[in-house]
Amino acid sequence: MLMLLFYVGGERYALDTKRVVEVIPRVTLKKVYHAPEYIAGLFNYRGCLVPVIDFCHLINGSPSHPYLSTRIILINCQGSNLSQPQSPNEESITRILGLMAERVTDTLNKSEREFINPGIKVDDSPYLGEMITDEQGMIQFLKVENLLPETQYKNLLITSLE
């Protein structure tokens, strides 16, 4: 599996590149008032409003640094834990979520057989999956489909595509 790597502080995280639509530089975001603080905002991506989660803020409570390597990873959320589409038209819509992360510069190719279950499940962070190791240490795999509670996914994504 080819994975995109990124950082929160000194910790590395990875997500499956099959979910990645595009990696773009930071853009100006429209603030969503009264949303959780880790929701960085919305932006227009090819005519669709896309919500962006600041992964650094989600993990450690502080916003991503404005490094040159800080990027927004556009993720296809189709086929995640979302409920079935409400109408036939919705099936043709790609549901995209932005994930802002630091030091988005590397990829890693590892077999899924090399994933290790950490043996600890934290209910407040179901998006943290198995661990992968390489010569530099451990990497936490990110379960994109569990980044937000289903109700928030549904509200953000359907609202942003209407």
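Residues numbered from 1 in each chain as written. Predicted model: local features only at pLDDT ≥ 70, side-chain atom pairs only at ≥ 80, totals over all residues. Heavy atoms only, no water.

**A word on the nonpolar core**
Move 1: One finds Phe-6, Leu-15, Phe-55, Ile-73, Leu-99, Leu-142 and Leu-147 to be the most contacted residues of the largest nonpolar core, which totals 22 residues.
Move 2: Contributions of two or more residues to this core are made by strand S1 (2-8), strand S2 (11-16), helix H1 (55-60), strand S6 (71-76) and strand S7 (96-109).
Move 3: With 4 residues, S7 is the single largest residue contributor to this core.
Move 4: The residues contacting Leu-142, other than those within four sequence positions of it, are Phe-6, Ala-14, Leu-15, Phe-55, Leu-99, Tyr-127 and Leu-147.
Move 5: One finds Tyr-45, Val-52, Leu-74 and Ile-96 within the second-largest nonpolar core, a separate group that totals 9 residues. (Core = buried A, V, L, I, M, F, W, Y, C linked by side-chain atoms within 4.5 Å. Buried < 20%, exposed > 50% of the residue type's maximum accessible area, 1.4 Å probe, protein only. Helix = DSSP H or I, 4+ residues; strand = E, 2+ residues; numbered from the N terminus. Contact = heavy atoms within 4.5 Å.)

**What about the pairing of S1?**
Move 1: The buried fraction of S1 is high, at 6 of 7 residues.
Move 2: The sheet contact formed by S1 and S7 spans 5 bridges and is antiparallel. Note that in S7 the partner of Leu-2 across the bridge is Asn-109.
Move 3: Pairing between S1 and S2: 6 bridges, direction antiparallel. Among the inter-strand pairings, Phe-6 is bridged to a residue of S2, identified as Tyr-13.
Move 4: The turn joining S1 and S2, which pair antiparallel and follow one another in sequence, is formed by 2 residues; a positive phi near 60° is taken by Gly-9. (Pairing = 2+ DSSP bridges.)

**Section: the packing of aromatic side chains**
Move 1: Taken as a whole and judged by the stated rule, the model has 6 aromatic pairs.
Move 2: Pairing Phe-6 with Phe-55 gives two aromatic rings, centres 5.5 Å apart and planes at 85°, and the pair type is edge-to-face. On the criterion of sequence distance, the pair formed by Phe-6 in strand S1 and Phe-55 in helix H1 is long-range, its members being 49 residues apart.
Move 3: Overall, the relative accessible area of 0% leaves Phe-6 in the buried class.
Move 4: A ring pair is formed by Phe-55 and Tyr-127, whose centres lie 6.3 Å apart and whose planes are at 75°; its orientation type is edge-to-face. You can see Phe-55 sitting in helix H1 and its partner Tyr-127 sitting in the loop between S7 and strand S8 (128-134), a full 72 residues away along the chain. With respect to class, Phe-55 is no different from Tyr-127; both count as buried.
Move 5: An aromatic cluster of three or more residues is present, and its members are Phe-6, Tyr-13, Phe-55 and Tyr-127.
Move 6: In this structure, Arg-103 packs its charged tip against the face of Tyr-7, placed 3.5 Å from the ring centre. (Phe/Tyr/Trp six-rings, centres within 6.5 Å; stacked < 30°, edge-to-face > 60°. Lys NZ or Arg CZ within 6 Å of the ring centre and 35° of its normal.)

**With respect to the pattern of salt bridges**
When the charged atoms of two side chains with opposite charge come close together, those side chains can pair.
Move 1: Under the defined criterion, the tally for this structure stands at 4 salt bridges.
Move 2: A salt bridge links Glu-22 to Arg-46; the shortest N-O distance between them is 3.3 Å. Of this pair, Glu-22 sits in strand S3 (residues 20-25) while Arg-46 sits in the loop between strand S4 (39-45) and strand S5 (48-54); the two residues are 24 residues apart in sequence, bridging distant segments of the chain.
Move 3: Its relative accessible area of 26% is what places Glu-22 among the partly exposed residues. (Salt bridge = Lys/Arg side-chain N within 4 Å of Asp/Glu carboxyl O.)

**A word on unusual backbone geometry**
Move 1: Residue His-34 is not a glycine yet carries a positive backbone phi of 70°.
Move 2: A relative accessible area of 84% places His-34 in the exposed class.
Move 3: Backbone geometry places Arg-46, a non-glycine residue, at a positive phi of 55°.

**Points about the confidence of the model for the protein**
A low pLDDT score tells you not to read the predicted coordinates there in detail.
Move 1: In the predicted model, the protein carries a mean pLDDT of 83, and 80% of its residues have values of at least 70.
Move 2: Taken as a whole, residues 80-92 scores under 50 in pLDDT and shows 21 contacts with residues more than four places along the chain or in a different chain.
Move 3: Between residues 157-161, whose pLDDT stays under 50, and residues either more than four places distant or in other chains, the model counts 17 contacts. (pLDDT = per-residue confidence, 0-100.)

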